[in-house]
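# Secondary and tertiary structure notes
Below, each chain spelled out in residue letters.
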Amino acid sequence: MKLPVTSYGESGSPVVVMHGLFGSGRNWMTAARRLASAHRVYAFDLRNHGSSPHTDTMSYPEMAQDVVETISDLGVGPVGLVGHSMGGKTAMLTALRHPEVVDRLVVVDAAPVSYPPAFVAYAQAMRTADLSNIQRRAEVDAQLAGAVESPGTRAFLLQNLILDDQGARWRPNLPVIEAALPAISGWPADENGSYAGPTLFVFGGKSDYVRLEHRDAISRYFPQVQYAEIPEAGHWVHAERLDDFLAAVTPFLA
C-alpha cells in the first residue's frame, strides 16, 4: 500500500518520519519543518491512521512493506528513517527486512520487544463514544475522561476527531486498531535479522519503553547502535522536548 505523504523542504538528503499509535504525520509537523532546513523530509500516515486507507489487518510486516512501497514510489531511497513508538517498531522492521532502503535509522522511545498490551481502554473509549449530535470537541472530551485521565492525552486523541457539516466521526480505523493492539504491543517472534547501518535510539528519561534490560536485544538486531537519553522527556520525546530531541538527532542524520 502506498501511504499518504506530506513533504517538507526543497533539498538535502531524504528523511522519512513516522508517528505512533493514534497519531498521524501531522504529529511531526514542527520537528519536520526544523529538519527540513537540511533535509527533504517526508511524513507518512501509517495504515488505518490519518488519511491512510482503512484495511482489515495491521501487522508490523505489513506496515514495513507499506513503508518500502511508499519510499520506492517516491523514488528517494535510501532514506534516514525515523519512527516514534509504533512508528519506531515499523522503522526497525523495515531496516531489518529491507536494509537497502534505509541509510540510517532513528528509533524514538521504542525497543524490539513485546510490551504488555496498552491503550486498549483508549481505543474502546474512542470507539464507544456517542458521536451523535456532537457540536463541540469538549463534549467528546468529557466522554473520554473516564478512561483517559490525562487532559494532554485526551487532547492528543481528539486530534483524530473530524467535526464538520457531516457531523462527528473518527479518522482512524478504530475497530481494526483495537483488534491489532496485541500485535502492535508485541514484536515478531520469528525476527532474526540484523541491520548493520548507523542506528540511534532516542528515549525519554521519564519513560520506561527503552530499559537497560532491552539493550541486549537492541544490540543483537542493531550492532552499530548509539543511545541518546532526553532526561526530562516522557514517551512523546519529540513533542515534549523538541530542542533536546533535535540536538541529538540532527548531527546523526547529517
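Each remark here, short or long, concerns the structure printed above.
Below or above, wherever it landed, is the structure these notes cover. In this text, all values refer to a predicted model and were calculated from it rather than measured experimentally.

What follows concerns the overall build of the chain. When helices and strands are counted, the chain shows ten helices and nine strands. For the chain, the spread of C-alpha atoms along the principal axes amounts to about 55 × 40 × 35 Å. For the chain, restricting intrachain contacts to residue pairs at least 6 apart in sequence, the fraction spanning at least 24 positions comes to 77%. Across the chain, the centroid of the 20 positively charged side chains sits 3 Å from that of the 27 negatively charged ones.

With that settled, the discussion passes to the layout of surface pockets. If you add up the space inside the largest pocket, you get close to 250 Å³. As for the largest pocket, its lining consists of 16 residues, and the residues nearest its centre are Tyr 115, Ala 118, Phe 119, Ser 185 and Tyr 209. At the level of elements, α3 (86-97) and α7 (174-185) are the ones that each hand at least two residues to the lining of the largest pocket. Looking at the lining of the largest pocket, the element that brings in the most residues is α7, giving three residues.

Quick look at the sheet that holds strand β1 (residues 5-8) now. Pairing is mixed across the open sheet formed by seven strands, whose spatial order is β1-β3-β2-β4-β5-β8-β9. Pairing within the sheet leaves two strands with one partner each, and these edge strands are β1 and β9 (225-230). Adjacent strand axes in the sheet meet at a mean angle of 20° when their direction is disregarded. Direction of pairing for strand β8 (residues 199-204) relative to β9: parallel, over a ladder of six bridges. If you follow Thr 199 over to β9, its bridge partner there is Val 225. Across the sheet, helix α2 (residues 60-74) touches β1, β2 (13-18), β3 (39-44) and β4 (79-84), and the angle it forms with β3 is around 140°. The sheet strands contacting helix α10 (residues 242-253) are β2, β3, β4, β5 (102-108), β8 and β9, and the helix crosses β5 at an angle near 165°.

For the rest of this paragraph, the subject is the pattern of salt bridges. Under the criterion given, the structure shown has 13 salt bridges. The closest approach of N and O atoms between Arg 104 and Asp 103, which form a salt bridge, is 3.1 Å. Classification of Asp 103 by relative accessible area gives partly exposed; the value is 38%. Measuring nitrogen to oxygen at the nearest pair gives 3.4 Å for the salt bridge that ties Asp 208 to Arg 211.

Turning our attention to the nonpolar core. In terms of nonpolar packing, the biggest core is built from 65 residues, with Phe 22, Leu 81, Leu 105, Trp 170 and Phe 222 touching the most fellow members. Beyond its immediate sequence surroundings of up to four residues, Trp 170 is in contact with Met 126, Leu 131, Val 140, Leu 144, Leu 157, Leu 158, Asn 160 and Leu 161. Within the second largest apolar cluster, 26 residues are counted, among which are Tyr 8, Leu 246, Val 249 and Phe 252.

Below, the discussion takes up the packing of aromatic side chains. The final tally for this structure, using the stated rule, is eight aromatic pairs. On the basis of an interplanar angle of 55° and a centroid distance of 5.0 Å, the ring pair of Tyr 115 and Tyr 209 is categorised as tilted. Taken together, the positions of Tyr 115 in the loop between β5 and α4 (120-128) and Tyr 209 in the loop between β8 and α8 (215-221) put the pair 94 residues apart, joining distant regions of the chain. The class for Tyr 209 is buried, based on a relative accessible area of 18%. A ring pair is formed by Phe 119 and Tyr 122, whose centres lie 5.4 Å apart and whose planes are at 55°; its orientation type is tilted. Grouping aromatic residues by their ring pairs yields a cluster made of Trp 187, Phe 201, Tyr 221, Phe 222 and Tyr 227. The cationic tip of Arg 215 hangs over the ring face of Tyr 227; the distance from NZ or CZ to the ring centre is 3.8 Å.

Attention now moves to the environment of Thr 30. With respect to the helices, strands and loops of the structure, Thr 30 is situated in helix α1 (residues 29-35). In this structure, the C-alpha to C-alpha distance between Thr 30 and Val 176, residues 146 residues apart in sequence, is 29 Å.

Take empty space enclosed by the protein next. The final tally for this structure, using the stated rule, is one cavity of 30 Å³ or more. Roughly 90 Å³ of volume is contained in the largest cavity. With three residues, the top contributor of residues to the lining of the largest cavity is helix α6 (residues 151-158). Of the residues belonging to the lining of the largest cavity, the class tally is seven nonpolar, five polar and no charged.

This next bit is on the side chain of His 19. Of note, His 19 is situated in the loop between β2 and α1. With a relative accessible area of 1%, His 19 lands in the buried category. One polar contact links the side chain of His 19 to the main-chain amide nitrogen of Leu 46, over a distance of 2.9 Å. In contact with His 19, other than residues within four places in its own chain, are Ser 24, Gly 25, Asn 27, Trp 28, Phe 44, Asp 45, Leu 46, His 49, His 84, Met 86 and Gly 87.

What counts, and at which threshold
Residues numbered from 1 in each chain as written. Predicted model: local features only at pLDDT ≥ 70, side-chain atom pairs only at ≥ 80, totals over all residues. Heavy atoms only, no water. Helix = DSSP H or I, 4+ residues; strand = E, 2+ residues; numbered from the N terminus. Contact = heavy atoms within 4.5 Å. Lys, Arg positive; Asp, Glu negative; His and termini not counted. Charge placed at Lys NZ, Arg CZ, Asp CG, Glu CD. 1 Å grid on protein atoms, 1.4 Å probe; cavity = no way out; pocket = protein on both sides within 12 Å on 5 of 7 lines; lining within 4 Å. Points joined across faces, edges and corners; volume = space filled by probe spheres on them. Pairing = 2+ DSSP bridges. Axes fitted to C-alpha atoms, helices over the stretch in contact; angles between N-to-C directions. Salt bridge = Lys/Arg side-chain N within 4 Å of Asp/Glu carboxyl O. Buried < 20%, exposed > 50% of the residue type's maximum accessible area, 1.4 Å probe, protein only. Core = buried A, V, L, I, M, F, W, Y, C linked by side-chain atoms within 4.5 Å. Phe/Tyr/Trp six-rings, centres within 6.5 Å; stacked < 30°, edge-to-face > 60°. Lys NZ or Arg CZ within 6 Å of the ring centre and 35° of its normal. Nonpolar A, V, L, I, M, F, W, Y, C, P; charged D, E, K, R; others polar. Polar contact = N/O pair within 3.5 Å; in protein donor to acceptor, adjacent residues only side chain to side chain.

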